[in-house]
Amino acid sequence: MRKQSRTFTLLLALLAAFALLAAACGSDGGDDGAASDDGDGTSATEPAGDDGDDGGGGDALRIAVVAPSASNDLAFTQSMVDAVNAIGETRDIQFDVTDGTFVVEDAAAALRGYAEDGFDLVVAHGSQYGGPLQEIAPDFPDVSFAWGTAADTFGLPNVYAYTVRADEGGFVMGTIAAQLSESGVIGVVGPVEVGDAKLYVDGFAAGATNQDPAVTVNVNYIESFSDVALAAEAATAHVGNGADVLTGSAQMVVGATGVATESGVAWFGTQANQTALGPDVVVASQVYHWEVVLADIIAGIDSGTLGGEVFIATLANGGLVIEYNDGFGLDDAVRTAADATAAGIADGSISTGIE
Amino acid sequence: MSEFFTVSVLVATLAGGIRLATPFLLAALGETLGQRSGVLNLGVEGVMLIGAFAAYYTALETGSTVAGIAVAIGIGAVMGLIYAFLTVVMHAEQGISGIGIFLFGLGFTDLLFQKQVGTPLPIPGVGKAPIPILSDIPHLGEIFFDHNPLVYLAFLLVPIMWFVVNKTTFGLNVRAIGQTPEAADTLGVSVNLTRTFTIVIANCFAGLAGAALALEVGIFQQNLTAGQGFIAIALVYFGAWRMPWVMSGALLFGVVSSTVLQWKTLGIVSGPSSSLLAMAPAILTILVLVLVSRRVSAPAALTRPFDRAG
């Protein structure tokens, strides 16, 4: 019996180790280096310029990203991974990413680990990571941290904050949505009513009603960033209540895009280009180009300033870009009007009305 | 509120509740059988994830949802054999082993997804199969008879599982070893073999539940199940280890979730009250669990390994 108990303990330990290994491998694309950026934004990690194993990195700028969802989520996390890869095309970098850290404590451990490893820039890509970052950053005064989406550096000299005026692109796409809707009902599937998701949704609704005051925009925050089934059911509820245009924000919208495709309902994406999720129904996507913000942050690091500033991605500075799906066949006049609206927001002649 | 109490919205709400309930009903039915035999499996969530990925990836590669379902059930059986080896043969502590299976499923499916698929690719999924004649019944047809085949299967399995547990020799053995395995053993029932069967069947159900989820939404994503496996375990307690009550709990949970979604969609609730309302299904479950726990006892041998020698 005792021998069997020892055997069991050994087996259980092996299972636990295997589970932890699988969990670690699954959520951290940083060690394999297998996925290279082929230009379609599917890269999870791209060590550039150096072997990346010895922590040396030569002259390469060492950038680490800690993010809540998968690197290829076609949404929030991918927008940052794509941005760092874009930076890698212009200068020598070593890039590592820990994704899938929905649990804040896991993210905190990753942030501290990268700082201890001497990365030059550690990006905490999630507003929920602010608390741990505020504790960790002072312990590593020589490491630059970037936190977003947020507008608070905690008064720390080595923390940059970055955010996005997601309402701007939302407003533009809202005007298009109002022109596409025949029923006059538009459905929105949101995650939690905070941050860039709220900005996007508010901007979208403002754009739609500005274009056509008679339009009804129904907003459904499902209180989850990850529940795909609930997002799908929310989209189904919208369609059932007459919506013929849908949009949504965050990584769980992959459930809602399926409903849009099945129902033949137009879809507007945000954060990353979501055309692949519904080639026939995606009209356009507001794409975050964080490389604009990262370029400013890196310029600061190069000049010896490790933090203390807030950067905002906007239509004006190219941090936000409306990418159309040519396969949808949007009317040229509607697209031209939308481009004019985007230009008006960029030059300040049009306001979204969102503060 | 008046806009909610229209026939079309009520019909959509109830139909949505049935759709939402299907994955965790399937998982809960299997888990009920396992727990009636004395085996707790906290790894349901992990097996659901593995089943979901297996179904999704198979359908993506072959274009066949039927093949996806078959592979998901097969993978569930394999996970069941592993769990049976750990808990029945090696007498592993069931709670810890289940958590290990969950962590394995969470990490392993994410790893496979990243390496084999990458960016989320939609699949056609399993489409609706309206039941002829019945689906034409006004309102009731849309609520009950206008779903995909896995929804019908899940609810058809309720009376079947009830019959198996309560009216067959196998079910009698299951109930006996879940209460007093020593007594069952003296009567010639192979406790460990029976438990192995129930674990394998339960895990097949969990794999099927994952397939139902992935093929309903037509996509896979990291942590797709988002806690549905744990809801299934809660439903077993909610339903006091009885199949019809487990189904009632699943339906209640699904309909409340669907109602909350409709209220938000119609703008009946918004802002902070909307956030609070999103917790309604969980709060309701906790309240019922508190009430149930006072009246009903779990199988006496639940989580207790059986060792004839000791």
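Residues numbered from 1 in each chain as written. Chains lettered and ligands numbered in written order. Predicted model: local features only at pLDDT ≥ 70, side-chain atom pairs only at ≥ 80, totals over all residues. Heavy atoms only, no water.

**Re the overall build of chain A**
Alright, step 1. The helix and strand tally for chain A stands at 10 helices and 12 strands.
Alright, step 2. The proportion of buried residues among the 355 residues of chain A is 58%.
Alright, step 3. Of all intrachain contacts in chain A linking residues separated by at least 6 positions in sequence, the fraction that spans at least 24 positions is 68%.
Alright, step 4. With an accessible surface of roughly 13000 Å², chain A has 51% of that area assigned to carbon and sulfur atoms. (Helix = DSSP H or I, 4+ residues; strand = E, 2+ residues; numbered from the N terminus. Buried < 20%, exposed > 50% of the residue type's maximum accessible area, 1.4 Å probe, protein only. Contact = heavy atoms within 4.5 Å. Areas by Shrake-Rupley, 256 points an atom, 1.4 Å probe, with all protein chains shown as cover.)

**What to know about the overall build of chain B**
Alright, step 1. Helix and strand counts for chain B come out as 13 helices and 0 strands.
Alright, step 2. Listed N to C, the secondary structure of chain B is α-α-α-α-α-α-α-α-α-α-α-α-α in terms of helices and strands.
Alright, step 3. The C-alpha radius of gyration of chain B comes to 20 Å, within 12% of the 19 Å expected for a compact globule of 310 residues.
Alright, step 4. When the backbone C-alpha atoms are referred to their principal axes, chain B occupies close to 65 × 50 × 45 Å.
Alright, step 5. Of all 310 residues assigned to chain B, the portion counted as buried reaches 55%.
Alright, step 6. A separation of at least 24 residues holds for 78% of the contacts in chain B among residues at least 6 apart in sequence. (Rg over C-alpha atoms; globule rule 2.2 N^0.38 Å.)

**So, the sheet that holds strand S9 (residues 266–271) of chain A**
All names here are of chain A.
Alright, step 1. Spatially, S7-S6-S8-S9-S10-S12 is the arrangement adopted by the 6 strands of the open sheet, whose pairing is mixed. Bordering the open sheet on either side are strand S7 (216–221) and strand S12 (320–324), each of which pairs with just one other strand. Neighbour-to-neighbour, the strand axes of the sheet open up by a mean angle of 15°, direction not taken into account.
Alright, step 2. Two strands pair when backbone bridges link them, and strand S6 (residues 185–190) and S7 are joined in this way by 6 bridges, in the parallel orientation. Within S7, the residue paired with Gly187 across the bridge is Asn218. (Pairing = 2+ DSSP bridges. Axes fitted to C-alpha atoms, helices over the stretch in contact; angles between N-to-C directions.)

**Quick word on the pairing of strand S10 (residues 282–288) of chain A**
Residue and element names in this part refer to chain A.
Alright, step 1. Among the 7 residues of S10, 7 are classified as buried, and the element is accordingly described as predominantly covered.
Alright, step 2. Where S9 and S10 come together, 5 bridges link them in parallel fashion. Bridged to Trp267 within S10 is Val282.
Alright, step 3. As judged from the 5 bridges shared by S10 and S12, these two strands associate in the antiparallel manner.

**Some points on unusual backbone geometry**
Alright, step 1. With an omega of 0°, the peptide bond running from Gly148 of chain A to Thr149 of chain A counts as cis.
Alright, step 2. In this fold, Thr149 of chain A is placed in the loop between strand S4 (144–148) and strand S5 (159–164).
Alright, step 3. Of note in this structure, Ala240 of chain B is not a glycine but carries a positive phi near 55°.
Alright, step 4. Residue position: Ala240 of chain B is located in the loop between helix H10 (228–238) and helix H11 (243–265).

**Description of the interface of chain B and chain A**
Often, the extent of an interface is quoted as the loss of accessible area upon association of its parts.
Alright, step 1. In this complex, chain B contributes 45 residues to the contact, which on the side of chain A involves 52 residues.
Alright, step 2. For the chain B and chain A pair, buried surface summed over both sides reaches about 3800 Å², with 61% attributable to carbon and sulfur atoms.
Alright, step 3. For the side of chain B that touches chain A, the secondary-structure elements that each account for two or more residues are helix H1 (7–36), helix H3 (65–89), helix H4 (94–116), helix H9 (191–217), H11 and helix H12 (272–277) of chain B.
Alright, step 4. Examining the composition of the side of chain B that touches chain A, we find that 11 residues originate from one element, H4 of chain B, more than from any other. (Buried area = accessible area lost by both parts, 1.4 Å probe.)

**What about the domain arrangement of chain A?**
Residues and elements named next belong to chain A.
Alright, step 1. For chain A, the domain assignment lists domain 1 (8–148) and domain 2 (166–288 + 319–347).
Alright, step 2. Of the residues lining the interface, 7 residues belong to domain 1; the matching set on domain 2 comes to 11 residues.
Alright, step 3. Taken together, the links from domain 1 to domain 2 amount to 0 salt bridges.
Alright, step 4. Our enumeration of links across domain 1 and domain 2 arrives at 2 residue pairs in polar contact (both at pLDDT 80 or more).
Alright, step 5. Across the side of domain 1 that touches domain 2, the residue classes break down as 4 nonpolar, 2 polar and 1 charged. (Domains from an automatic or database assignment. Salt bridge = Lys/Arg side-chain N within 4 Å of Asp/Glu carboxyl O. Polar contact = N/O pair within 3.5 Å; in protein donor to acceptor, adjacent residues only side chain to side chain. Nonpolar A, V, L, I, M, F, W, Y, C, P; charged D, E, K, R; others polar.)

**Let's talk about helix H2 (residues 44–62) of chain B**
All names here are of chain B.
Alright, step 1. When the terminal C-alpha atoms of H2 are compared, their 26 Å separation across 19 residues agrees well with the 27 Å that a helix rising 1.5 Å per residue should span.
Alright, step 2. Extensive coverage of H2 is indicated by the burial of 15 of its 19 residues.
Alright, step 3. The positive-phi residue at the C-terminal boundary of H2 is Gly63, with phi of around 80°. (Expected span 1.5 Å × (residues − 1).)

**Some words on the packing of H2 of chain B against H10 of chain B**
Residue and element names in this part refer to chain B.
Alright, step 1. Across the interface, H2 lies against H10 with an axial gap of 7 Å and an inter-helix angle of 135°. Accordingly, the angle class assigned to the pair H2 and H10 is oblique. Between H2 and H10 the crossing geometry is right-handed. Residues Val44, Glu45 and Met48 of H2 touch H10, and the partners they reach there are Gln228, Gly229, Phe230 and Ile233.
Alright, step 2. When grouped by side-chain class, the residues that make up the contact of H2 with H10 number 4 nonpolar, 2 polar and 1 charged. (Parallel < 35°, antiparallel > 145°, perpendicular 65-115°, else oblique. Left-handed = near helix turned anticlockwise from the far one by under 90°.)

**Concerning the packing of H1 of chain B against H10 of chain B**
Residues and elements named next belong to chain B.
Alright, step 1. Axis separation between H1 and H10 bottoms out at 8 Å; the angle between their running directions is 55°. Between H1 and H10, the crossing angle belongs to the class labelled oblique. With respect to the hand of their crossing, H1 and H10 are arranged in right-handed fashion. Listed contacts from H10 to Pro23, Phe24, Ala27, Ala28, Glu31, Thr32 and Gln35 of H1 are Gln228, Ile231, Ala232, Ile233, Leu235, Val236 and Tyr237.
Alright, step 2. Within the contact of H1 with H10, the residues separate by chemical class into 10 nonpolar, 3 polar and 1 charged.

**Examining the sheet that holds strand S2 (residues 93–98) of chain A**
Residues and elements named next belong to chain A.
Alright, step 1. Pairing is parallel in the open sheet, where 6 strands are placed in the order S2-S1-S3-S4-S5-S11. In this open sheet, the two edge strands, each paired with only one partner strand, are S2 and strand S11 (310–313). Neighbour-to-neighbour, the strand axes of the sheet open up by a mean angle of 20°, direction not taken into account.
Alright, step 2. Relative to S5, S4 runs parallel, the two being bridged by 4 bridges. When the sheet's bridge partners are listed, Ala146 is paired in S5 with Tyr160.
Alright, step 3. In the packing of helix H3 (residues 104–116) onto the sheet, contacts are made with strand S1 (61–66), S2, strand S3 (121–125) and S4, and the angle to S1 comes to roughly 170°.

**Brief notes about a nonpolar patch on the surface**
Residues and elements named next belong to chain B.
Alright, step 1. A grouping of Leu134, Ile137, Leu140 and Phe144 is seen on the molecular surface, where their side chains present a nonpolar patch of about 330 Å² in accessible area.
Alright, step 2. In this structure, Ile137 sits in the loop between H4 and helix H5 (140–144).
Alright, step 3. The exposure class of Ile137 is partly exposed, given its relative accessible area of 33%. (Patch = residues over 30% accessible without salt bridge, like charges linked within 9 Å, V, L, I, M, F, W, Y side chains within 5 Å.)

**A few points about the confidence of the model for chain A**
All names here are of chain A.
Alright, step 1. In this model, chain A carries an average pLDDT of 85, and 84% of its residues clear a pLDDT of 70 or more.
Alright, step 2. Here helix H1 (residues 2–27) is the element of chain A with the lowest mean pLDDT, 49, and helix H5 (residues 166–180) is the one with the highest, 97.
Alright, step 3. Note that residues 20–57 has pLDDT below 50 and, in this model, 74 contacts with residues that lie over four places away or in other chains. (pLDDT = per-residue confidence, 0-100.)

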